Amino acid sequence: MPEPVLALRDIKKYYPLPGGGLLERRPPLKAVDGVTLEVGRGEAMGLVGETGCGKTTLARVILRLQPPTSGSVWYGGTDVTALNSRQMRPMRRLVQMIFQDPSAALNPRQTLRDLLSAPLDALGTRTGREAKLREVVDLVGLPVSFLSKYPHEMSGGQRQRAAIARAMASEPALLVCDEPVSALDGSARGQILQMMRRIQEEKGVSYLFISHDLGAVRFLCQRLAVMYLGGIVEQGTRQDIFQHPAHPYTKALLSAAAPPDPLGEPPVLLRGEAASPARAPGGCAFRTRCLYATVGCAKGRYPLTPLRREDGATHSSACPRYRRDL
C-alpha cells in the first residue's frame, strides 16, 4: 500500500485537573485516549462523534498546536512529534486547517489578496505571484474581483471559500477540516461540499473531515472513523459504516440522524448521558449506555478488531458482542 499522508500512532492527550490534597491526586482528563488512524493520499477520511468526544483536540494535536501526551504523528514518512518550531516550518505547508467559523479565522483588516499572500510569502513565492492568486481564487469558485474584498464584504459561504483558498495556497497534501460547513445554511453547505469534492478530484488533496453531520460525511468521505470519549470505536469504508454498523454507538448515531419512519425500525435510544472525559468509566467507555454491556465490559477496553468480511478486512470494531448481519 502507498505510504499514508497522515499516520497517528496511539495518540493520547491528557490534561491534569486541579484539586485534591497532597495525598490525593485527581486522575487526568483523557481528551484523546489511544487513537491510531491513517489517511491515504487523495483520500477523504471522516471522523464523526458527538460533541466533546475529542475530535477537535485530536485535530490540534495533528497540527502540532498542542503536543500529545504520548504517541506519534507522521506526515508522510516523517515523525513530526519531536520536531522543534524551526524544524516544523517546512512541514507545515503539507498540512493545513479549515476552521468551523471563517469569520474568526480570517483577519478582518486584510483583503483576500493579503490573506492569500501570507502563505505565499512563507513559501518564498516571488515570481508568478499574481497568476498564483488568480489560480487559487478560481479554484474555490470566487471571481478575481474578490481579491480586493474584506471578509465582512463576503457572505458566510464566500468567507469559507476564502478560508479554503488560503489553505490551498501552500499546495498542501492534507486539509484537516474541523466542522467546515456546520455554520453555513443548507444552500451554502451543499455548494461548499461540492467544491471540496471537485478540489480533491483536481488536486489529489487528502481530507480529514471532522464533523457530527453524517450527511456531509457520507457525501464527501470514502472512509470513516467513529469516535467516542477519546477513542475510536469503529472504522471502515462508507458502505461499512452506513450499511453494516458493527458497534452499538455507531448504530445509535445513524438512528439519531435518520428521518422518522413510522413503518421502519424503531429508533435506537441510548441510556443516560455521555460520561465526562474527566470521569470516564473503566473498561469500555460506552458500557454505561450500551444495551449489550456485560460484566466483562467493565474489565478492560476492547481494541479495534478486524471483522470477517467476504470483501476483505477493511472494517473494524471495538465491540466483540454487538454484531448485525455482516
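Scroll up a little and you will see the structure.
So, here is what we can say about the structure in this document. From a predicted model like this one, the values you see are computed outputs, not experimental measurements.

When helices and strands are counted, the protein shows 10 helices and 12 strands. Its C-alpha atoms give the protein a radius of gyration of 21 Å, within 12% of the compact-globule value 20 Å for 326 residues. Looking at the protein as a whole, 45% of its 326 residues qualify as buried. Considering only contacts within the protein whose residues lie at least 6 apart along the sequence, 65% involve residues at least 24 apart. Roughly 16,300 Å² of accessible area belongs to the protein as shown, and the carbon and sulfur atoms make up 52% of that amount.

With that out of the way, let us pick up the environment of Phe242. In this fold, Phe242 is placed in helix α9 (residues 238-243). Residue class for Phe242 comes out buried when judged on its relative accessible area of 15%. Note: C-alpha distance between Phe242 and Leu254 (12 residues apart in sequence) is 7.3 Å. Each residue touching Phe242, except ones within four places of it in the same chain, is listed here: Leu214, Arg218, Leu224 and Leu254.

What follows deals with the sheet that holds strand β9 (residues 223-228). Pairing within the open sheet is mixed, and its 8 strands lie in the order β6-β7-β8-β3-β9-β10-β12-β11. One side of each edge strand has no neighbouring strand; the edge strands of this open sheet are β6 (95-98) and β11 (305-306). Where strand β10 (residues 231-237) lies against strand β12 (residues 316-317), 2 bridges are found, and the strand directions are antiparallel. Bridged to Glu234 within β12 is Ser317. Of the strands in this sheet, β6 and β7 (174-178) touch helix α6 (residues 156-168), which is tilted by about 170 degrees from β6. Sheet strands in contact with helix α10 (residues 248-257) are β3 (44-48), β9 and β10, and its direction is about 105 degrees off that of β9.

Turning next to the packing of aromatic side chains. Under the criterion given, the structure shown has 3 aromatic pairs. Centre to centre, the rings of Tyr228 and Phe286 are 5.1 Å apart; their planes meet at 85 degrees, and the pair counts as edge-to-face. Of this pair, Tyr228 sits in strand β9 while Phe286 sits in the loop between α10 and β11, placing them 58 residues apart in sequence. The pair formed by Tyr228 and Phe286 is uniform in burial state, with each residue classed as buried. Site record: aromatic cluster; members linked through ring pairs are Tyr228, Tyr249 and Phe286. The cationic tip of Lys149 hangs over the ring face of Phe146; the distance from NZ or CZ to the ring centre is 5.2 Å.

For the rest of this paragraph, the subject is the side chain of Glu179. Structurally, Glu179 can be placed in the loop between β7 and α7 (186-203). What Glu179 contacts, discounting residues up to four positions off in sequence, is Lys55, Gln100, Ile210, Ser211 and His212.

What follows concerns the nonpolar core. Of all hydrophobic cores here, the largest spans 57 residues; its most connected members are Leu112, Ile164, Met196, Ile199, Tyr207 and Phe209. With 31 residues, the next largest nonpolar core counts Ala59, Val73, Val176 and Met227 among its residues.

With that settled, the discussion passes to the sheet that holds strand β5 (residues 78-79). With antiparallel pairing, 4 strands are arranged side by side in an open sheet as β2-β1-β4-β5. In this open sheet, the two edge strands, each paired with only one partner strand, are β2 (29-39) and β5. Across 2 bridges, strand β4 (residues 70-75) lies against β5 in antiparallel orientation. Looking at the pairing, Trp74 lines up with Asp79 of β5. Against the sheet, helix α1 (residues 55-62) touches β1 (6-15), β2 and β4, its axis set at about 115 degrees to β1.

This paragraph deals with the environment of Ser72. Structurally, the position occupied by Ser72 is in strand β4. Take Ser72: its relative accessible area is 13%, and that puts it in the buried class. Separated by 36 residues in sequence, Ser72 and Thr36 place their C-alpha atoms 9.4 Å apart. Setting aside anything within four residues of it in sequence, one finds Ser72 in contact with Ala7, Leu8, Arg9, Ile11, Asp79 and Thr81. Polar contacts involving the side chain of Ser72 include one to the side chain of Trp74, which spans 3.0 Å.

About the criteria used
- Residues numbered from 1 in each chain as written.
- Predicted model: local features only at pLDDT ≥ 70, side-chain atom pairs only at ≥ 80, totals over all residues.
- Heavy atoms only, no water.
- Helix = DSSP H or I, 4+ residues; strand = E, 2+ residues; numbered from the N terminus.
- Rg over C-alpha atoms; globule rule 2.2 N^0.38 Å.
- Buried < 20%, exposed > 50% of the residue type's maximum accessible area, 1.4 Å probe, protein only.
- Contact = heavy atoms within 4.5 Å.
- Areas by Shrake-Rupley, 256 points an atom, 1.4 Å probe, with all protein chains shown as cover.
- Pairing = 2+ DSSP bridges.
- Axes fitted to C-alpha atoms, helices over the stretch in contact; angles between N-to-C directions.
- Phe/Tyr/Trp six-rings, centres within 6.5 Å; stacked < 30°, edge-to-face > 60°.
- Lys NZ or Arg CZ within 6 Å of the ring centre and 35° of its normal.
- Core = buried A, V, L, I, M, F, W, Y, C linked by side-chain atoms within 4.5 Å.
- Polar contact = N/O pair within 3.5 Å; in protein donor to acceptor, adjacent residues only side chain to side chain.

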